[in-house]
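Okay, here's what each chain looks like letter by letter:
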Amino acid sequence: INAEYGGVTAPYLLYSPHNFSISQSDQFCESLNPNPAEKRHFVFLMIISSWENSLRRDYIRKTWATYPWFWKNPGMTYSYKFVISQPDPKRNYTVSPTDLNRDDIIISDLTEHYYLLDIKVMWGFSQILQNHHFDYLLKCDDDTFVNLYRLPPKLLALANTEYFYGGKVLETHNWADEGIQYAAGSGYVLSRRALCGVVLAHSVYSLKTPRIPIEDAYTGLLNSRMGIKVTALKGFATEHESCKDFTTVVFHHINMKLFPKLLHAAVNGTHFC
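Keep in mind it's a predicted model, so treat the numbers as computed, not measured.

Draft legend 1. Up close: the overall build of the chain. On a plain count of helices and strands, the chain comes out with seven helices and 13 strands. A separation of at least 24 residues holds for 75% of the contacts in the chain among residues at least 6 apart in sequence. As presented, the chain carries roughly 12,700 Å² of accessible surface, and 51% of it is formed by carbon and sulfur atoms.

Structure representation (structure tokens):
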């Protein structure tokens, strides 16, 4: 996989936007060779962050990203990486990050900008596919709290296919002259094989069609191109809408100072608010 325009290309795979299949995605997936010494995880968390948000990343490290959620089932493990980009030279930053040398961060050559988020996410997908073994990837943002304790039962109950894509399903929109449904970017899950399909579809689609600079909609479109339908997952909230339900998996738009309180509630099975 080669980086090109911050995206991903598969130079030896000559497919048109409407002429590739799951079998070709499987071939692509099997061609990837992450480090064999790398541990295989049940779920890998890809946390989209901004260059300057080191304090927010520290709150995540001290709470939900490192808590032993699967202590009852040690065979279920997880890991995480923050994905960030380069500082925007047009912005005047009031803080400087203090954690850029940590090994839980991967840094793209892109500039931090909302309208480059789709490319940043695809770049993160490709990096994690190349370097890590996992069954599922959960993409979320750094203003999200993730209750991983509630995640495995939902996946084990619903993911009866290797090509799984799920989250909170948003309304159908019309991009690229087709209607699509997609999972909200606050938090969605992709199986490894579905993720390979997304990266492959992006490698072709991005060269043929104008960009869709909305990362969750774009991910939904790429899954649709591969014939993978989004599955609605209860408990994936886009706002603080389910705070009275401790079975919620994903909370979005959360003040980082609430993370310790939410962790305590999740661990003890009490209401979040």
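Now, onward.
Draft legend 2. Examining the pairing of strand E11 (residues 183–191) more closely. Among the nine residues that make up E11, nine are buried, leaving the element largely enclosed by the rest of the structure. In the sheet, strand E8 (residues 165–169) pairs with E11 via four bridges, with the strands oriented antiparallel. The residue bridging Tyr-165 from the neighbouring strand is Leu-190, located in E11.

Draft legend 3. Quick peek at the confidence of the model for the chain. Looking at the chain as a whole, its pLDDT mean stands at 82, while 82% of the residues score no less than 70. Note that pLDDT drops below 50 for residues 1–19; the model gives that stretch 40 contacts with residues more than four away or on any other chain.

Draft legend 4. Structural view of the sheet that holds E11. A sheet is described by the order of its strands in space; here seven strands give the open sequence E5-E4-E3-E6-E11-E8-E12, paired in mixed fashion. The two strands at the open ends of the sheet, each matched to only one other strand, are strand E5 (105–111) and strand E12 (231–232). Set on the sheet, helix H2 (residues 54–62) makes contact with strand E3 (40–48), strand E4 (78–86) and E5; between it and E4 the angle comes to about 180°. Contacting strand E6 (133–141), E8 and E11, helix H6 (residues 215–225) crosses the sheet at an angle of about 35° to E11.

Draft legend 5. Structural detail: the environment of Gly-187. Note on placement: Gly-187 falls in strand E11. On the basis of relative accessibility, which here comes to 1%, the residue Gly-187 falls in the buried class. Ignoring anything within four residues of it in the chain, the contact list for Gly-187 reads Lys-139, Cys-140, Gly-167, Phe-236 and Val-250.

Draft legend 6. Region of the structure containing the nonpolar core. In this structure, Met-46, Phe-125, Tyr-165 and Leu-190 are the most contacted members of the largest nonpolar core, which totals 39 residues. Going through the elements one at a time, helix H1 (22–31), E3, helix H3 (117–131), E6, E11, helix H5 (192–208) and H6 are the ones with two or more residues in this core. A per-element tally of this core places H5 first, with eight residues. Residues in contact with Phe-125, not counting those within four places in the same chain, are Met-46, Leu-137, Lys-139, Tyr-188, Leu-190, Leu-195, Val-198, Val-199 and Thr-219. Of all hydrophobic cores here, the second largest spans 37 residues; its members include Phe-70, Tyr-136, Phe-259 and Leu-263.

Draft legend 7. Highlighting the packing of H3 against H6. Where H3 contacts H6, the two axes come as close as 8 Å, and the packing angle between them is 55°. Judged by the angle between their axes, H3 and H6 are oblique. Remark: the crossing between H3 and H6 carries right-handed chirality. Where H3 abuts H6, its residues Leu-117, Asp-118, Val-121, Met-122 and Phe-125 lie against Glu-215, Tyr-218, Thr-219 and Leu-222. Each residue belonging to the contact of H3 with H6 can be placed in one class, and the counts come to six nonpolar, one polar and two charged.

Reading the values: the criteria
Within every chain, residues take consecutive numbers counted from 1 along the sequence as written. A pLDDT threshold of at least 70 governs which residues receive local features in this predicted model, and a stricter bar of 80 or more applies before side-chain atom pairs are shown or counted, although totals over entire chains, interfaces and linings include all residues. As a convention, hydrogens and water are excluded, and side-chain values are obtained from all of the structure's heavy atoms. Working definition: helices are DSSP H or I runs of at least four residues, strands are E runs of at least two. Numbering for both runs from the N terminus. Residue contacts are counted whenever heavy atoms from the two residues lie within 4.5 Å of one another. Exposure was quantified through the Shrake-Rupley algorithm and a 1.4 Å probe, taking into account, for residues, occlusion by the shown protein chains and nothing else. Here's how the labels work: a residue is buried when its accessible area is under 20% of the maximum for its type, exposed when over 50%, partly exposed in between, all with a 1.4 Å probe on protein chains only. Whether two strands pair depends on DSSP finding at least two bridges between them. Within a predicted model, pLDDT stands for the predictor's per-residue confidence, ranging from 0 to 100. Helix axes are fitted to C-alpha atoms over the stretch in contact, other axes to C-alpha atoms as well, and angles between N-to-C directions run from 0 to 180 degrees. Here, nonpolar core means buried Ala, Val, Leu, Ile, Met, Phe, Trp, Tyr and Cys residues that are tied together by side-chain atoms lying within 4.5 Å of each other. The scheme is simple: roughly parallel for angles under 35 degrees, roughly antiparallel for over 145, roughly perpendicular for 65 to 115, oblique for anything else. Each crossing is labelled by how the near helix is turned from the far one, with a counterclockwise turn of less than a right angle marking it left-handed and a clockwise turn marking it right-handed. Charged residues are taken to be Asp, Glu, Lys and Arg, nonpolar residues to be Ala, Val, Leu, Ile, Met, Phe, Trp, Tyr, Cys and Pro, and polar residues to be all remaining types, Gly included.

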